[in-house]
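Read off the chains here:
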Amino acid sequence: MRHSFSVEHALASGKFSAPAAHGDHIARSRLCEQICRPDGPKVVVARGPAGYGKTTLLAQCQARLQAGATRTAWLTLDRADNDLPRFLRCLMAALGTLSGPAALPPDGGDAEDALALALVEAVASHAAPFALVLDEFEAITAPAVLDLVQDLIGRLPAHGRLLIGSRHAPGLALGRLRAANRLLEIDAAQLCFSMDESSQFFARQRPVLTPAEIELLHRKTEGWIAALCLASASLARQPSAAGFIERFSGSDQSVADYLAQDVLASQTPTLRRFLLRTSILKQLSAPLCQALLPELDCADLLTQLENGHVLLTRTAADEHRYRYHSLFASYLQSQLRAQAPGDIASLHLAASRWYDGQGRPVPAIDHAIDGGDFDRALTLLQAHADALLAEGRMRLLSRWFAQLPPAVLATRPLLMAVQVWSTCFTRGPSEASLLLADLGLAGSGDAAVRAHVRALQPLLLSMMDRQEEAYAAGMPSVAALGDALSFTDTALVNAMANVSAVLGRYHEARALLDTARRAQSRAASSFNLMYSEAVEGIIDLQEGRMRQAGARFRMAVRSTRNGAYGQANGNAWAGVLYAAWVYETGDLPQAARLLQAYVPLGRDVGLPDHLILGYLMLARVAFYEGDVEQTFYLLGELEYLGHQRRLPRIAASARVERARVLLMQGHPQAARDELRRADDADLWSRVEALRLPANDLLYPRLGQLRWEAYEGDPAAALRGLDADIAQARDTRRIRRAYKLQLFRAVALARMDDDARAFEQLAPLLDTARAEGLCRVLVDEGSALIRLIQRFAATPAGSAWLAGDAARDWWQRLREHTGTEPAPPPPERAGATCAEALTPKELRVLRLLAEGHSNSAIAKQLFVSESTVRTHLRHLNVKLDADSRTQAVAHARNAGLL
């Protein structure tokens, strides 16, 4: 039996479609015009309390957009969507309406990529105009989900829109959009009906009200749509409309209570019984309601309620599933608690049993917990915990554990072990370690519990950057394992393979990985497959087998194809590594999409290497795209995370990367100062003893050698580089040796020894071509790129470029450096004009390279567009260019950018 989230169930619940339009709905023309105009806002937030018409407004906007050339996707959220894997799968299913079902990977299909990649691909790469609607956003509180939505907003293309409906301000950072006038915020006052809209509404109702009565009712409700609707439902049963309206008064809550009481009181006893007892359900269907009330004809009652417009909404136009208006449901639940408190537990039990019988353990467990039947909840949870854990449903598990009384949970040691896993992957290894110690599970008499503890102890230590302790704790447990390995045993073996690799014990790591792979034949686990391939990919990467590493990372990311996107947190671990490989090959758009998906997934877990790699690549992509402010923001956030989580390696790594950026910007003294700040001798001596993937090419000594080769004494740089290159080769750090040799070539060129520089460079270019490398060269800036261009202009370089593979690689490199189609000669157009450009012209040039229009440049420089055009003419003359594009290309050749 599968326990992963079912898209079919979500489809049936109406999550992916707006509520069916009702004849009583009033067209919100003014608001729709604001939202849907062609030059409208990128993000819209309709915010107001329940009953203010947010969903109806968004549905009308969706219909208007669809009537034009804009495709739309709809997703109604609920608290279960705080479980990140479920949210991603729901959002991908919703986005399938934009470009067809292929947008959602099929369960078990070989074509299924990680959902996170597909999600960002769908949003960032959709070619046609589109709008995504996220309704009931107030349900979302999980930081990881909010971070993902924040990143999606950042990746919206120019023709993409996001429409959000929420009861309160969403937990998103919208300041930049607000400042850029790309955000439209619609509050409760704007959502309320105007007097004209209230008049239109009551013109369709019975009894007919006089203009004065409508005005009085509008004034008393202040245009609150739910109150008007409830008033209309009550008016039809009042002997005197005028008397009812005169009595109608009070605060929002008292009005809702009064009207709901009136609506409920007007129903037959059978319907009242049905309404109260089904109010515990989020979604209503005849079979589910029948399970709660077997003595009633629930299908007929649902039809009666729908025909009577008793605050019951069909969730999908083609499905007989419904939901109560949230205010009405809340009122019904309060009445149920007051009138029949003894029935609540049995109703939840009936719902739990029905869902369990349908093979839907998640709502079955939800209802068992809501009904206070913790024994049943624990029994169901224990029956499905292994599958949920193997799928990585950590947030869902964490939510349940927070709702269960500790005393009750204490009777199930196995579930307490699962609780430690969920805590680790939602709140981090430090909190999980404290919980593991507090629970005292190490001394359990249950062998299955001890197996969890054996896997958790070294895993937690490793995640907290305590690799040596992890090795000491885990290897004795590995030695004691038998031949038949369980999921937790295999997870232990994989964890120790990773620790061994970090300690540089590659032979031992590979032997452990072979053991883990053999276990897959007996107990297949996509999580463990991901883990094994990712660890071996790290080894391949450091030993210089870049293409092989990339293939392993891709396999690790795709290991979740069996339908359960439950491994969101675990797969983020592989996903960041795969993104690093994609980035290295030069596919920056694809790398950015991967990172936008995977970095938020792993942020809460706090794996140091993956945080460092993820933020570093995001910062580099931003720098390449000309967003220097975002580059420094991301590095600052990474440094803050390091301090916050008491992981000094993260903070120091951010400083090392900041030094590189400053050096590339032409600020050598600032770069040197930043390297000094990062150089903690105790920290880096320990890091150097390990093989940490994030710091193979990111540590102060390498930064200092780069600085010396680029800005300092090249002869001194050569002496240091020769020693470090030899050491890297001796310790099989081939990737590091490669990077250091690039610095050596630059140092030789600075000594005017081009012959030796070219001799150093030639085999490095061969390796780059063979392994598909790009960014390892481009990220070193103009000094190295100019050297490569000079080499390409020599007879030896021309001969090397004669091969098809070399030409293809050269073409890709040129695309990332902005060089001209032919290898440039040593004296290039514009190469000697750096001194001739004024500071203002240099500023215009940089803004031009970042893709800004004339008007945007004028705004940033506080000048007129005419002045900008004058600067551009001067730039074209000084750079010997005929166009904006050619001016930027010549400026890059000349090292001005």
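In case you missed it, the structure is sitting above this.
Residues numbered from 1 in each chain as written. Predicted model: local features only at pLDDT ≥ 70, side-chain atom pairs only at ≥ 80, totals over all residues. Heavy atoms only, no water.

A.B. asks: Explain the sheet that holds strand β2 (residues 71-76) to me, please; I cannot follow it from the model alone.
C.D. replies: As a general point, the strands of a sheet are linked pairwise by backbone hydrogen bonds and lie either parallel or antiparallel. Read from one edge to the other, the open sheet built from five strands follows the order β2-β3-β4-β1-β5, with strand pairing classed as parallel. Where the open sheet ends on each side, the last strands, each with one partner, are β2 and β5 (183-186). Going from strand to strand, the sheet's axes swing by 10 degrees on average, the running direction of each strand aside. Inspection of the sheet shows β2 paired to strand β3 (residues 130-135) by six bridges, in the parallel sense. For Trp74, the partnering residue across the bridge sits in β3 and is Val133. In the packing of helix α2 (residues 29-36) onto the sheet, contacts are made with β1 (43-47), β4 (160-166) and β5, and the angle to β5 comes to roughly 160 degrees. (Pairing = 2+ DSSP bridges. Helix = DSSP H or I, 4+ residues; strand = E, 2+ residues; numbered from the N terminus. Axes fitted to C-alpha atoms, helices over the stretch in contact; angles between N-to-C directions. Contact = heavy atoms within 4.5 Å.)

A.B. asks: For this particular structure, what's the right way to read the side chain of His367?
C.D. replies: Residue placement: His367 occurs in helix α19 (residues 361-370). Leave out the neighbours within four places in its chain, and His367 touches Ile280, Leu281, His348, Ala351, Ser352 and Tyr355.

A.B. asks: I would appreciate a short explanation of the packing of aromatic side chains in the present structure.
C.D. replies: Aromatic ring pairs are defined here through the distance separating the ring centres and the angle between the ring planes. As enumerated under the stated definition, the model contains six aromatic pairs in all. Ring centres of Trp354 and Tyr355 lie 5.1 Å apart, and the angle between their planes is 75 degrees; this geometry places the pair in the edge-to-face category. A relative accessible area of 19% means that Trp354 is categorised as buried. Three or more aromatic residues joined by ring pairs make a cluster, and in this case those are Phe193, Phe201 and Phe202. Directly above the ring of Trp707 sits Arg672, whose terminal nitrogen or CZ lies 4.0 Å from the centroid. The ring of Tyr624 has Arg775 sitting right over it, with the charged end atom 4.8 Å from the ring centre. (Phe/Tyr/Trp six-rings, centres within 6.5 Å; stacked < 30°, edge-to-face > 60°. Buried < 20%, exposed > 50% of the residue type's maximum accessible area, 1.4 Å probe, protein only. Lys NZ or Arg CZ within 6 Å of the ring centre and 35° of its normal.)

A.B. asks: What's the story with helix α36 (residues 668-678) in this structure? I'm lost.
C.D. replies: Residues three or four positions apart in an α-helix share a direction because the helix packs 3.6 residues into each turn. Buried residues of α36: Ala671, Glu674, Leu675 and Ala678, and no others. Around the axis of α36, the buried residues are gathered within 100 degrees of arc, so they sit on the same side. Looking at the buried positions of α36, the neighbouring elements they touch are α35 (648-664), α37 (681-688) and α38 (700-710). (Arc of directions from axis to C-beta.)

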